[in-house]
Amino acid sequence: MTLAELVCPAGTPAALRTAVDAGADTVYCGFRNATNARNFPGLNFSTDELATAVAYAHAKGSKVLLALNTYPPAGQVDLWREAADTGARIGVDAFIVADMGVARYIATKYPEIRLHLSVQAAASSPEAIRYYCESFGVKRVVLPRILTIPEIRRIAQEIPCEIETFIFGNHGLMVEGRCSLTNYVTGLSTNMDGVCSPAADVEYRREGDGAVSSCLSGYVIDRFGPDEMAGYPTICKGRYQAPHRPEGYYAFEEPVSLNLARLLPELIDAGVHAFKIEGRQRSKSYVRNVVSAFRNAVDDIRAGREANIAGLLQLTEGGRETQGAFETKKWR
Amino acid sequence: MAYSHKHEVLNKANPLTDLTAPALTVLLAPLLGRVVKSLSRKHPAIFERLGPHTKTGYIIDPTNLPFALFLQPDPERPVLRAVARRALPAHEALIRGSFDTLFELIDADADGDAVFFSRDLIIEGNTEAVVSLRNALDDVDGSIAADTADLFGPPGRLALGFLRSRADARSQRSST
Ligand code: SF4
């Protein structure tokens, strides 16, 4: 059995302490700039905050991973290099990277620090993953959410590094690290600026009948009736009218969250080393509830008991959950 | 740009609310002033997270109370005051929900996204301002509600205990 490391999100120092106290083996976080894919207002860490957070986590036996998982625009690599230098100085346990230039910089300058390949690199074949391992010494790959468990099992047998998969949280996947939908509408890039649907471009309009329209850069991308659950204001979760579906439908993805709690034993058996909980943009309350639920589940499985995960549904988007492609390729 | 909001449903005449709101807003002024000043002193990091939104005017509207709140988280001169729902001051962002929902949020017991998904929380106006405020307040160890209760000593903590047990009872009801 693999260790089943729990990799937990932290958008603020308080969330990091909450995750560590709730039983996170590892916490991932990012700086307050475009070097990571949750570049949201009011979120993330300053240099001093990260240093204090790393000391707190290490004192309690948890590790800290620094997400540097966006792609620097050509010729503008300084911000990413400085972030890597600061992370190394502070003593983070690994960097999560997507861009080959960033990977090369860290692999050359800090060969003693682990590199994890972000889901944003979208490496889903043994050939692609091996390339990153051989070229940059990548120690772990975070797999895109497009693979079934039998496929993950096969990949595990053919690669020289650890596997991390998402286990809970937002499920807006498209082709990870390649999605340009938000860029098309707002002019800002998820992959380079680190933000999908920037809050400054989002507006919720209340209609007379109690419905709410969610708008991105002035375009209405969904309309929730008075009694309908809402979702994130991202283009991939928008509801669109088309000639064949004049009533409007979720063309790409529905507001739904990934929850693989029930598949944990199978995933461990397939060779997954680490499980990632999505949600650096979420609150301490979310972090506390989700991390403790999965902590108990993993401990139960290790002890040979049946894992009991109830009560996570109310934290899911649209109040709905899915096992996505992990369960079957028939998913969308 | 100031955002002006139409209160189609909530502005319906409510004689009790209309009579009590002006008196309450005056009565609450010193109390709320003390709360916001004390929280600003205790948590200066909040202002850094707010970035440009320290000058933003927020309306926080607990739908089942007879008044709303106006917040301007300016580190130099923080403002928190009760305002009549019928005559809201100019504001850029509005956050509306039942008192219970808003209490659970400032007590770090509810998740902002989850109560938005379930439609218990309504956001209007400048979304970036709302997201910044939410993230800034969430980066507080313990909770804003607990800090506020502490300000009022044993009666404050008694009230907090009462509100927390109500919240627990609600969440048990919703999970059964
Ligand atoms: S639109 Fe959806 S899939 Fe694309 S970057 Fe945003 S959240 Fe991801």
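Residues numbered from 1 in each chain as written. Chains lettered and ligands numbered in written order. Predicted model: local features only at pLDDT ≥ 70, side-chain atom pairs only at ≥ 80, totals over all residues. Heavy atoms only, no water.

*Asks:* Where do I start with the packing of helix α1 (residues 13–21) of chain A against helix α2 (residues 47–59) of chain A in this structure?
*Replies:* The packing of two helices is summarised by the inter-axis angle and the distance between the axes. All names here are of chain A. The N-to-C vectors of α1 and α2 enclose an angle of 10°; their axes lie 10 Å apart at closest approach. The angle between α1 and α2 falls in the class roughly parallel. Where α1 approaches α2, its residues Pro13, Leu16, Arg17, Val20 and Asp21 are matched on the opposing element by Glu49, Ala53, Tyr56 and Ala57. (Axes fitted to C-alpha atoms, helices over the stretch in contact; angles between N-to-C directions. Helix = DSSP H or I, 4+ residues; strand = E, 2+ residues; numbered from the N terminus. Parallel < 35°, antiparallel > 145°, perpendicular 65-115°, else oblique. Contact = heavy atoms within 4.5 Å.)

*Asks:* Honestly, the pattern of salt bridges in this entry has me stumped. Any pointers?
*Replies:* Any two side chains of opposite charge can pair, so long as their charged atoms come close to each other. All names here are of chain A. Applying the stated criterion across every chain yields a total of 39 salt bridges over all chains. With its nearest N and O atoms 3.4 Å apart, the salt bridge here joins Asp21 to Lys60. Taken together, the residues span a long stretch of sequence, with Asp21 in helix α1 and Lys60 in the loop between α2 and β3 (63–68) at a distance of 39 residues. Of the residues examined, Lys60 reaches a relative accessible area of 49% and is grouped as partly exposed. (Salt bridge = Lys/Arg side-chain N within 4 Å of Asp/Glu carboxyl O. Buried < 20%, exposed > 50% of the residue type's maximum accessible area, 1.4 Å probe, protein only.)

*Asks:* What should I look at first to understand the sheet that holds strand β5 (residues 122–125) of chain B in this one?
*Replies:* What links the strands of a sheet is backbone hydrogen bonding, and the strands pair in either a parallel or an antiparallel sense. Residue and element names in this part refer to chain B. Judged by pairing direction, the sheet is mixed, and its five strands sit side by side in the order β3-β2-β1-β4-β5 without closing on themselves. Bordering the open sheet on either side are β3 (79–83) and β5, each of which pairs with just one other strand. Direction aside, the axes of adjacent strands within the sheet are offset by 20° on average. Across three bridges, strand β1 (residues 58–62) lies against strand β2 (residues 68–72) in antiparallel orientation. For Ile59, the partnering residue across the bridge sits in β2 and is Phe70. Contacts from helix α3 (residues 99–106) reach β1 and β4 (93–97), with the element oriented near 120° to β1. Strands β1, β2, β4 and β5 of the sheet are contacted by helix α5 (residues 127–138), whose axis makes an angle of about 60° with β4. (Pairing = 2+ DSSP bridges.)

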